[in-house]
Amino acid sequence: MKAHIHPTAHRPRRFLSGTAWCLSQAVLGLIAALLFTAPSLHAAPGDLDALDLGLTGSYVLATAVQPDGKTILAGNFTQVLGQPRSNIARLNADGTLDAGFDPNVNGIIYCVAVQADGQILIGGDFTTVGATARNRIARVAANGTLDAGFDPNADGIVLGVVVQADGQILLG
């Protein structure tokens, strides 16, 4: 006797698709960047503080806030706060650039997620992280160094990455 499984029984949950995902990440990025900068001496509670990243390049597409309050910025840029950064940077909780974090990614990063152990997943349209080949998905340690043991070698652009509660990684 053969068991029949309904075709939708194991279908993964639906996530936002391409453009909607990017737009939602950009909006969340702007909100996170505005909320997690150093407080202004002249701002009243509830006021938005001005944020000038001194960004050279096109845009920030994704952000993630780490448990220590640091904010990861990812997208398509070459400079943040006057310092060279290739498509990924991290701000300290006070809004200053984290000088020790510089993974140096050679293409656009569309998404970023922080795992429970503090490692950072990035996805996009890139082929190297540092001087090491990585096709469109990579994981870096909290200090920005590449995790050499993680190399899924995606064959298409990665527009979304989600870490489930059980630690499983979903790519879209």
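Residues numbered from 1 in each chain as written. Predicted model: local features only at pLDDT ≥ 70, side-chain atom pairs only at ≥ 80, totals over all residues. Heavy atoms only, no water.

Within the protein chain, the regular secondary structure consists of one helix and 11 strands. Relative to its full complement of 172 residues, the protein chain shows a buried share of 38%. Restricting the contact set of the protein chain to residue pairs at least 6 apart, pairs at least 24 apart contribute 34%. (Helix = DSSP H or I, 4+ residues; strand = E, 2+ residues; numbered from the N terminus. Buried < 20%, exposed > 50% of the residue type's maximum accessible area, 1.4 Å probe, protein only. Contact = heavy atoms within 4.5 Å.)

With respect to topology, three strands assemble into an open sheet ordered β5-β6-β9, the strand pairing being antiparallel. Strands with a single pairing partner mark the edges of an open sheet, and in this sheet they are β5 (108-114) and β9 (137-140). Neighbour to neighbour, the strand axes of the sheet diverge by 25° on average, direction disregarded. By the bridge criterion, four bridges tie strand β6 (residues 120-125) to β9 in an arrangement that is antiparallel. Note that in β9 the partner of glycine 123 across the bridge is isoleucine 137. (Pairing = 2+ DSSP bridges. Axes fitted to C-alpha atoms, helices over the stretch in contact; angles between N-to-C directions.)

Averaged over every residue, the pLDDT of the protein chain is 81; residues scoring 70 or more account for 73%. A low-confidence stretch, residues 1-23 stays under pLDDT 50, and its non-local contacts, those more than four residues away or across chains, total 15 contacts. Scored below 50 in pLDDT, residues 36-41 makes 12 contacts in the model with residues more than four places away or belonging to other chains. (pLDDT = per-residue confidence, 0-100.)

Attention shifts here to the pairing of β6. Among the six residues of β6, five are classified as buried, and the element is accordingly described as predominantly covered. Connecting the antiparallel pair β5 and β6 is a turn made up of five residues, with glycine 118 showing a positive phi of about 95°.

For the rest of this paragraph, the subject is the pattern of salt bridges. This structure, assessed with the given rule, holds five salt bridges. A salt bridge links arginine 134 to aspartate 151, with the shortest nitrogen-to-oxygen separation between them at 3.5 Å. Of this pair, arginine 134 sits in the loop between β8 (132-133) and β9 while aspartate 151 is found in the loop between β9 and β10 (161-163), placing the two residues 17 residues apart along the sequence. Each of Lys70, Arg90 and Asp98 takes part in salt bridges that share partners, so that together they form one network. (Salt bridge = Lys/Arg side-chain N within 4 Å of Asp/Glu carboxyl O.)

Examined against the element boundaries, arginine 85 turns out to sit in the loop between β3 (83-84) and β4 (88-91). Under the relative-accessibility criterion, arginine 85 is labelled buried at 7%. Residues arginine 85 and alanine 74, 11 residues apart in the sequence, show an inter-C-alpha distance of 9.9 Å. Leave out the neighbours within four places in its chain, and arginine 85 touches Phe77, Thr78, Gln79, Val80, Leu97, Asp98, Ala99, Phe101 and Asp102. Within the structure, arginine 85 has its side chain in polar contact with the backbone oxygen of phenylalanine 101 (distance 3.3 Å). (Polar contact = N/O pair within 3.5 Å; in protein donor to acceptor, adjacent residues only side chain to side chain.)

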